[in-house]
Amino acid sequence: MIRLEHVSKTYEAGVVAITDVSLHIKPGEFVFIVGASGSGKSTIIKLLLKELAPTHGTITVNGRDLSSISHKQVPIFRRNIGVVFQDFRLLPDRNVYENVAFALRVVEAPKKEIKRKVPLMLSMVGLAAKYRSLPKQLSGGEQQRVAIARALVNEPKILLADEPTGNLDNKNAWEIMRLLDEINKKGTTVVVVTHNMDIVKAMKKRVITIKKGSIIDDNEGEV
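This one's a predicted model, so the numbers in the text were calculated from it and none came from an experiment. Numbering of residues begins from 1 in every chain and follows the order in which that chain's sequence is written. At least 70 in pLDDT is required for a residue's local features to be given in this predicted model, at least 80 for side-chain atom pairs to be given and counted, and no such filter applies to totals for whole chains, interfaces and linings, which use all residues. As a rule here, side-chain values come from all non-hydrogen atoms in the structure, and water together with hydrogens is ignored.

1. Focus: the overall build of the chain
Then, in step 1: On a plain count of helices and strands, the chain comes out with 7 helices and 10 strands.
Then, in step 2: Dimensions along the principal axes, computed over C-alpha positions, put the chain at roughly 45 × 40 × 35 Å.
Then, in step 3: For the chain, the accessible area works out to roughly 11,300 Å², and carbon and sulfur atoms hold 50% of it.
Then, in step 4: Positive residues here are Lys and Arg, negative ones are Asp and Glu, while His and the chain termini are left out of the count. Where a charge lies is defined by one atom per residue type, namely NZ (Lys), CZ (Arg), CG (Asp) and CD (Glu). Taking the average location of the 34 positive side-chain charges in the chain and that of its 24 negative ones, the two points are 6 Å from each other. A helix here means a DSSP run of H or I that spans at least four residues, while a strand means a run of E at least two residues long, and both kinds are numbered starting from the N terminus. Methods summary: accessible areas were calculated by the Shrake-Rupley approach with a probe of 1.4 Å, and residue burial reflects only the protein chains presented.

2. Digging into the pattern of salt bridges
Then, in step 1: Salt bridges are identified by distance alone: a Lys or Arg side-chain nitrogen within 4 Å of an Asp or Glu carboxyl oxygen. Inspection of the entire model under this criterion finds 12 salt bridges.
Then, in step 2: A salt bridge links Glu 113 to Lys 117, with the nearest nitrogen and oxygen atoms 2.9 Å apart. Of the two residues, Glu 113 and Lys 117 are both situated in helix H4 (residues 111-124); the distance of 4 residues between them amounts to about one turn of the helix.
Then, in step 3: On the basis of relative accessible area, Glu 113 is assigned to the partly exposed category, the value being 23%.
Then, in step 4: For Lys 117, a relative accessible area of 10% translates into the label buried.
Then, in step 5: Of the charged contacts in the structure, one is a salt bridge between Arg 206 and Asp 218, with a shortest N-O distance of 2.8 Å. Remark: Asp 218 occurs in strand E10 (residues 214-220) and Arg 206 occurs in strand E9 (residues 206-211); sequence separation between them is 12 residues.
Then, in step 6: Counted as one network, the salt bridges with shared partners bring together Glu 29, Arg 206 and Asp 218. Burial here depends on accessible area, computed with a 1.4 Å probe over protein chains only, as a share of the maximum for the residue type. Under 20% is buried, over 50% is exposed, and the range in between is partly exposed.

3. Re the environment of Met 1
Then, in step 1: Here Met 1 shows up in the segment before strand E1 (2-10).
Then, in step 2: Here Met 1 falls in the partly exposed class, since its relative accessible area comes to 22%.
Then, in step 3: Spatially, the C-alpha atom of Met 1 lies 11 Å from that of Asp 65, the residues being 64 residues apart in sequence.
Then, in step 4: Among residues more than four places away in sequence, those in contact with Met 1 are His 24, Ile 25, Lys 26, Pro 27, Thr 60, Val 61, Asn 62, Lys 157, Ile 158 and Thr 189. Should any heavy atoms of two residues lie within 4.5 Å, those residues are considered in contact.

4. Quick look at the sheet that holds strand E2 (residues 16-25)
Across a sheet, paired strands are connected by hydrogen bonds in the backbone, their directions being either parallel or antiparallel.
Then, in step 1: Spatially, 4 strands are ordered E2-E1-E4-E5 in an open sheet, and the strand pairing comes out antiparallel. The two strands at the open ends of the sheet, each matched to only one other strand, are E2 and strand E5 (64-65).
Then, in step 2: In terms of strand pairing, E1 meets strand E4 (residues 56-61) through 5 bridges, oriented antiparallel. Bridging across to E4, Arg 3 finds its partner in Thr 60. Only strands that DSSP links by at least two bridges are regarded as paired with each other.

5. Topic: the packing of aromatic side chains
Then, in step 1: Note on aromatic pairs: the rings of Phe, Tyr and Trp (six-membered ring only in Trp) are paired at centre separations within 6.5 Å, and the planes decide the class, stacked below 30 degrees, edge-to-face beyond 60, tilted for the rest. Counting across every chain of the model gives 1 aromatic pair.
Then, in step 2: Our definition puts a charge over a ring when NZ of Lys or CZ of Arg is within 6 Å of the ring centre and also within 35 degrees of the ring normal. Taking the ring centre of Phe 85 as reference, the NZ or CZ of Arg 89 above it sits at 3.6 Å.
Then, in step 3: The ring of Phe 30 has Lys 205 lying over it, and the distance from NZ or CZ to the ring centre is 5.2 Å.

6. Side note on unusual backbone geometry
Then, in step 1: Positive phi values are uncommon outside glycine, yet Asn 62 reaches one of about 55 degrees.
Then, in step 2: Its place among the elements puts Asn 62 in the loop between E4 and E5.
Then, in step 3: We classify Asn 62 as partly exposed; its relative accessible area is 21%.

7. Overview of the nonpolar core
Then, in step 1: As used in this record, nonpolar core signifies buried Ala, Val, Leu, Ile, Met, Phe, Trp, Tyr and Cys residues forming a set joined through side-chain atoms within 4.5 Å. In this structure, Phe 30, Phe 32, Val 118, Ile 148, Met 177, Leu 180 and Val 192 are the most contacted members of the largest nonpolar core, which totals 42 residues.
Then, in step 2: Looking at this core, the elements with two or more residues in it are strand E3 (30-34), helix H3 (96-106), H4, helix H5 (140-152), strand E7 (158-162), helix H6 (170-185), strand E8 (189-194) and helix H7 (197-203).
Then, in step 3: If you look at the next biggest cluster of nonpolar residues, it comprises 29 residues, including Leu 23, Val 31, Leu 48 and Val 83.

Okay, here's the thing in structure tokens:
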């Protein structure tokens, strides 16, 4: 599903982000990537999305060697990957329904499909009653639920979450993590970058620890 083989990334200024990282994430896994700020966690997410290209090594996602994907093919490649960010990234002038529908309109989904899928996704994340609300009318936890619905409406095989609870209080953080766990149990591969070690320890999933750009630990179920 996701495979990095001896991947390194050095930025133009000579800053080394990650060094000789190798990891394999199987279909249906739930994996945490943890580490201090600047350890290289977000760089890995950007590499998986092909926002960046590795300096060395190979990256395979959904059976595709990312080095073989042209710039024009990137949007199509990303349709199989849902992404959730710390800052939600919702469209402020569009309501909940339209924010989720936007992901389908981008891929030119038929109107019938949009009308069918969007209510289903909003129901799954517990926001069916708030489909007309604007983002500013929602709590942080609700905004993140909209972001998750948008990320999943195209039924991606992989969900990448980069600090999804970073802007949330503890109660909302736990609700989002329980939602991600439910999504994973339905078959979606989930990769979560986080610094919230209380959640990581409690959920007992696979944990990949990165320090100064290198993997220093890879544990199944314990930290």
